[in-house]
Each structure stands twice: as structure tokens, then as C-alpha cells.
Amino acid sequence: MLDIKFVRENPEKVKEALKKRGYNIDFDSFLSMEEERLKLLREIENKRAIRNAVSQEIAKLKKLKPDSPELERLISEMRQLGDEINVLESKLRTIEDKVQNFLLYIPNLPHNTVPVGKDETENVEIRRWGVPPEFDFEPLNHWDIGEILGLIDFERAGKIAGSRFAVMKGAGARLERALINFMLDLHISRGYIEVFPPLLVNKDSMIGTGQLPKFEEDLFKIEEPEYYLIPTAEVPVTNLHRNEILSEDDLPIYYVSYTPCFRKEAGSHGKDVRGLIRQHQFNKVELVKFVKPEDSYEELESLTKDAEEVLQRLGLHYRVIVLCTGDLGFSSAKTYDIEVWLPGQKRYREISSCSNFEDFQARRANIRFRRREKKGTDFVHTLNGSGLAIGRTVVAILENYQQRDGSVIVPEALRPYMGIDIIR
RNA sequence: GGAGGGGUGGCCGAGUGGCUUAAGGCGGCGGUCUUGAAAACCGCUGUAGGGUUACACCCUACCGGGGGUUCAAAUCCCUCCCCCUCCGCCA
């Protein structure tokens, strides 16, 4: 959420920044609502001040002259004032809801280092690591490899659940588990604290990180009692500190969290229908940071490096791109995507997305900290990034390490976790 | 699922309708004392919004969340959430 005061005082700046994201938002009605809100607020506060003062007088009078007509008069006057206040208060509530709702639908402002562009075609490549593997045969798709080696069963997954689900079996299931443990161990050794959170969360948590109210159709929801399945560990882990005031000494906080993730993939019918790329349920190891505002861009760089290290240790070629303003996620101020090379598809595919949300989520979730020598509180900056998506890492390993005879070599870093050198 | 108890400031803990602008303690900050420290003593000690746009000052709100009664609510009523104890069930 944007700072209401900032929007109120700089509507043109906000409008310009959002235009870069492709949002054309009318601030006129917001500004007049906001003006009305402040007017009502002042009016109510003045009346309340009068009521408070007179109530004190009533108390005194009741003690000294309980029978005076003055007492009756004041009480009836205050009764009337109270009615007036009630009317104004309900007006205020209505307009506050409108203002609040308006702000909840406004995305974050892009950082000034983010390239301006209309969509994903204008994202900018930052760097590459490694080289694509060369094959003296035509490399297969991961779903073919997975089927041939008996690692993935899409057909039976369709029977027991539906499309966009997979059953992992044998070495496939083991590969999934090995990757989770490998990534967790790596990030823990870099100072991240492991968290295993609830996979169902309440509405306030979804609002806190920005999934709600705007993106309800992407989420699996449970009624009675009302819960949402997490689309990423970002949600429960960022909300760990919702409505908290941290101490400056607590920061920075680094968490790493393995969780299953659940997404409806509502808008992507017909996209990636085969294979593991786009599933309703997938595993992910997520990195989440809470930092001081002045450190957050440095922290974004190191977060991205931490995610990249996973690919480096696995020996997988990748590139890093910075998302342009038009492709930026709703809550993010700046995002790097890490794209791994997939020989089966002969293209790079997103395997990690690392974002700095600045104080956007912290405002929504009310996560603040107290500085040593300053009064009051500041909002923390929150960041997160995949480190990495497990399913897509499985895809990358199968496609990059496949052999002519159909077997798949296990990357060296993973062998202690797999217990075998080769999957055949 | 049944019965009972409870959620108060960074922490502990008083407070059942009006000198509570939330007692007292701990912690923290500043000061006196001291060669220095400790102890003792004194003072200060929240968040947010608004008016000023200066955290000087004034006002308002906040005692788990929301709503209500009343001139007046931490205190009474309704509702929801969470925690604890016992019983039942259960991985």
C-alpha cells in the first residue's frame, strides 16, 4: 500500500509512476474523497473534544448540585451532540472504507533503476552464467524423460486429482526431496533461518502481502472456516511479523522456507499444459528478508546472488533479467528474474523471481521497527525470492543432464542427497 | 465437542461506570553522588491521526478485533478471534 499522505500531496508523481506500469488511474475522485474524509475527521474530533470536556463538568456537577436544572440541560445537550457524532461517524466509516479500498488496489511504484517498458518483451538481460550443454543427439523434453525413466506420472495424477498435477515416483520423488534438502542446507549455511509455516492462511495475511483483494481468482479458497491455500511461502513468512514493532537490533532478518504452493493458474488456459512447468501444486524453497530501508537494494542484490548460487552449484546455465515497469508484479518495486536454460524447449524459463517490495507490504501488514536514537517507528522493507522453485529445477536437471542412452546424470552437489550418481 | 478461567503500555501486574490525563514494579534513557562502577535518590519513558506541517504546543483515537448501551466505557451488553486448565475424541 502506498502512503496515503504521499499520494494526497503528490498525486501527479504517483500518476506518472503508475503510467510507466501501464496503469492509468484517476486520482481526482480519490482526492475529493480524501478531502471529505479529513473534513469529517476534524468535525468529529472537535465535537468529541466538546463532549469530553462537558462530561467532566457533568461529573462535577452531579457531585456538588445533583438537583440543579443545569445538569439536566447539559445531559440533554450532550445526548443530542452524541447523536450528531454518531451520524458523522457512520459517514466517516463509509468514506474511510472507500479510500482504503482504493489504495489496496493501487500497485507499488517502480524504483527509478527499473527500465521503462510495456511488457515482458522489454525486460533487460543483466548477466549470464555458464554455457548451455551441447548434445550429439536431439535432447528430449522433461516429460518424455520423466515418463521413460518412470519418475513422473501425469496420467494417474489426472485420475486422482486432475490436470496440472503430477505424481512423482521412485528416483523422481527422491530427486524432489533431495533438492529441497540441498537448497535448505545451502541457505541455512548462508545465515537464513528455516521456517515451516501453515499452508492455510487467513484473509488478513493475503491482504498483507498483496494477493488480496485484487487477485482472489488466482487463489484456492476454503469456505467454512474461511482459509486460503498459500500460493507461495512469501505469504505466511512475511506475515510472521504482521502488526509487530521490531527492534533495530533484530534487523536484518533472513528466513528460508520450504513449502508446497497452490495456484489456480486461472488466466493461463492452454499455457504449458504438458509437463511440470505450470502446476496447481508445486514445491518451492523461498527466501524472505526483513531489512532497514537504507539497505534494501543492497539486500536485493545479495538475495539474488543467493538464489543464483543454487544453480551454480547444480551446474545449470542461466541468465538474470531485470523486469521492466510493465512486467513488474503488483507489490514489487524492482524484480530480477533468474531464467534457467532448458535444452528440451531450447529456451530460458523463469526459475526464480527476486523482488524488493520496499515498504509496500510493510504498510499493508503493519511491520515496523524502532531506531535506536530516533523517536517513533519506521516501516521495514521486505524482500523475497525463490531459492528455487523445485519442480522447475527438476525439469532443468532432467533436460540438462540427459544422456544419449536415456539416463540422467545426478549433479555432483546433489549426490550426497540422492545416494546415486545416475538415474536410469 | 463439553465445562471453566483469561487476553491491560517493551515486559510483569493493579484496576467492575466519572480526580485513571491507565496505580505500582521491571527494563530503558537522562541526572545527582563516585576516581570509575554498583547501590541509592530525582526526573523522563507508548502508537497513530488531525491542527500547526517544528516529534514546542493543542485536540482525537487506541486496555485482543468489531458492534452496542450511556452525558461519560479498560470497566456494562452482544459477537468474533486467540491463549490456558479439565473431560471427551484423535494423528
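Anyway, here's the lowdown on the structure attached to this text. (Residues numbered from 1 in each chain as written. Chains lettered and ligands numbered in written order. Predicted model: local features only at pLDDT ≥ 70, side-chain atom pairs only at ≥ 80, totals over all residues. Heavy atoms only, no water.)

1. Considering the overall build of chain A
Reasoning step 1: In terms of helices and strands, chain A carries 13 helices and 18 strands.
Reasoning step 2: Counting only C-alpha atoms, chain A reaches 105 × 45 × 45 Å along its principal axes.
Reasoning step 3: Counting over 424 residues, chain A shows a buried share of 49%.
Reasoning step 4: A fraction of 73% describes how many contacts in chain A between residues 6 or more apart in sequence connect residues 24 or more apart.
Reasoning step 5: For chain A, the exposed surface amounts to about 20900 Å²; the carbon and sulfur share of it is 49%.
Reasoning step 6: On chain A, the mean spot of the 63 positive side-chain charges and the mean spot of the 70 negative ones are 2 Å from each other. (Helix = DSSP H or I, 4+ residues; strand = E, 2+ residues; numbered from the N terminus. Buried < 20%, exposed > 50% of the residue type's maximum accessible area, 1.4 Å probe, protein only. Contact = heavy atoms within 4.5 Å. Areas by Shrake-Rupley, 256 points an atom, 1.4 Å probe, with all protein chains shown as cover. Lys, Arg positive; Asp, Glu negative; His and termini not counted. Charge placed at Lys NZ, Arg CZ, Asp CG, Glu CD.)

2. Thoughts on the protein's contact with RNA strand B
Reasoning step 1: In the region of RNA strand B, 23 residues are neighbours, and Arg8, Glu45, Asn52, Arg79 and Thr377 sit closest.
Reasoning step 2: Considering RNA strand B, the proportion of its atoms within 4 Å of the protein that are sugar or phosphate atoms stands at 75%.
Reasoning step 3: Take Lys5: an N or O atom from its side chain is 3.4 Å from a phosphate oxygen of RNA strand B.
Reasoning step 4: The side chain of Arg368 places a nitrogen or oxygen atom 3.1 Å from a sugar or linking oxygen of RNA strand B. (Near = heavy atom within 4 Å. Polar contact = N/O pair within 3.5 Å; in protein donor to acceptor, adjacent residues only side chain to side chain.)

3. Quick word on a negative patch on the surface
Reasoning step 1: A cluster of acidic side chains, namely Glu12, Glu16, Asp26 and Asp28, defines a negative patch on the protein surface.
Reasoning step 2: Along the chain, Asp28 turns up in helix α3 (residues 28-64). (Patch = residues over 30% accessible without salt bridge, like charges linked within 9 Å, V, L, I, M, F, W, Y side chains within 5 Å. Salt bridge = Lys/Arg side-chain N within 4 Å of Asp/Glu carboxyl O.)

4. A few points about the sheet that holds strand β14 (residues 367-370)
Reasoning step 1: The strand order across the open sheet formed by three strands is β8-β14-β15, and the pairing between neighbours is mixed. Bordering the open sheet on either side are β8 (244-247) and β15 (378-379), each of which pairs with just one other strand.
Reasoning step 2: Bridge analysis of β8 against β14 gives four bridges, and the strand direction is parallel. Each residue of the ladder has a partner; that of Leu246, found in β14, is Phe369. (Pairing = 2+ DSSP bridges.)

5. Remarks on the sheet that holds strand β5 (residues 200-201)
Reasoning step 1: Spatial strand order, β5-β7-β6: three strands in an open sheet with antiparallel pairing. Only two strands of the sheet have a single neighbouring strand rather than two, namely β5 and β6 (221-222).
Reasoning step 2: Where β5 lies against strand β7 (residues 227-229), two bridges are found, and the strand directions are antiparallel. Bridging from a neighbouring strand, Val201 pairs with Tyr228 of β7.

6. Notes on the pattern of salt bridges
Reasoning step 1: Taken as a whole, this structure holds 30 salt bridges when the rule is applied.
Reasoning step 2: The salt bridge partner of Asp153 is Arg156, with a shortest N-O separation of 2.7 Å.
Reasoning step 3: According to the relative accessible area criterion, Asp153 is buried, its value standing at 10%.
Reasoning step 4: Across the pair Asp378 and Arg371 runs a salt bridge, and its minimum N-O distance is 2.7 Å.
Reasoning step 5: Each of the salt bridges in this network shares a partner with another, and the network as a whole consists of Glu125, Arg128, Arg319 and Glu339.

7. Description of the packing of aromatic side chains
Reasoning step 1: The full count for this structure, using the stated rule, is twelve aromatic pairs.
Reasoning step 2: With centroids separated by 5.8 Å and ring planes inclined at 80°, the aromatic side chains of Phe27 and Phe102 adopt a geometry described as edge-to-face. Linking Phe27 in the loop between α2 (11-20) and α3 with Phe102 in helix α4 (residues 69-104), this pair joins segments that are 75 residues apart in sequence.
Reasoning step 3: Phe102 sits in the buried class, given a relative accessible area of 17%.
Reasoning step 4: Aromatic side chains Phe182 and Tyr417 sit 6.0 Å apart centroid to centroid with 70° between the ring planes, which places their arrangement in the edge-to-face category. (Phe/Tyr/Trp six-rings, centres within 6.5 Å; stacked < 30°, edge-to-face > 60°.)

8. Concerning the side chain of Arg164
Reasoning step 1: On the secondary structure map, Arg164 appears in the loop between α6 (154-160) and β3 (167-168).
Reasoning step 2: Within the structure, Arg164 has its side chain in polar contact with the backbone oxygen of Lys271 (distance 3.0 Å).
Reasoning step 3: If near-sequence neighbours (up to four positions away) are discounted, Arg164 is found in contact with Glu265, Ser268, His269, Gly270, Lys271, Asp272, Val273, Arg278, Gln279, His280 and Gln281.

9. Details of a nonpolar patch on the surface
Reasoning step 1: There is a patch of nonpolar side chains on the surface, built from Leu200, Ile222 and Tyr227 and spanning about 220 Å² of accessible area.
Reasoning step 2: Looking at where Leu200 falls in the secondary structure, it is placed in strand β5.

Interpretation note: all reported values are geometric properties and have no functional meaning in isolation.
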